[in-house]
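Reading the structure
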Amino acid sequence: MLALYHTNISVCAQKVRLVLAEKALAWESRVVDLIAGAQTWPDYVALNPKGVVPTLVHDGRPIVESTVICEYLDDAFPAPPPRRSDPPIRWSARGCGCGRRSRTRGSTSPAAR
Ligand SMILES: N[C@@H](CCC(=O)N[C@@H](CS)C(=O)NCC(=O)O)C(=O)O
């Protein structure tokens, strides 16, 4: 069973949802309310110690980091093959992770302060 902890305002989570849709996988939605700070609640931090979304849970095992999650899905569910196999597109998808913290808890990037 696949469960995705996510929110609609996260580009990182959108990236994972695109891969889930591309592979037509069934998954349960677990919305994390970033504005309420739910990403910092102990139950969620137990899944994702960085306290960010997304987190994928596959048969009880949490997987974190959006790019890692996408690559995991490609490995665990190889059919259909990823449309991101073209090197420039694959490289571009890797760079699509949130490089800085969202504004909900302030930035960790000097460029975003
Ligand atoms: N490198 C991580 C970044 C995850 C990340 O920064 N997620 C943001 C939303 S796009 C988040 O959860 N921010 C909540 C916070 O900083 O409090 C990934 O790609 O999964």
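Quick caveat: nothing in here was measured; it's all calculated off a predicted structure. (Residues numbered from 1 in each chain as written. Predicted model: local features only at pLDDT ≥ 70, side-chain atom pairs only at ≥ 80, totals over all residues.)

**Concerning the environment of Ala 24**
Position of Ala 24 relative to the elements: it lies in the loop between helix H1 (11-22) and strand S2 (28-31). Spatially, the C-alpha atom of Ala 24 lies 9.0 Å from that of Pro 80, the residues being 56 residues apart in sequence. (Helix = DSSP H or I, 4+ residues; strand = E, 2+ residues; numbered from the N terminus.)

**As for the pairing of strand S3 (residues 55-58)**
Across four bridges, the pairing between strand S1 (residues 2-6) and S3 is antiparallel. In the sheet register, Tyr 5 faces S3, and the bridge partner there is Thr 55. Linking S3 to strand S4 (residues 61-64), which pair antiparallel, is a turn of two residues; within it Asp 59 sits at a positive phi near 50°. (Pairing = 2+ DSSP bridges.)

**Comments concerning H1**
The end-to-end C-alpha distance of H1 is 16 Å, a good match for the 16 Å that 12 residues give at a rise of 1.5 Å each. When H1 is considered as a whole, its buried residues turn out to be Cys 12, Ala 13, Val 16 and Val 19. Seen end-on, H1 carries its buried residues on one side only, within an arc spanning 120°. Counted as exposed and oriented over 90 degrees from the buried face of H1: Val 11 and Ala 21. Residues of H1 that are buried sit in contact with S1, S3 and helix H3 (66-76). (Expected span 1.5 Å × (residues − 1). Buried ≥ 20, exposed ≤ 12 C-beta atoms within 10 Å, placed from the backbone. Arc of directions from axis to C-beta. Contact = placed C-beta atoms within 7 Å.)

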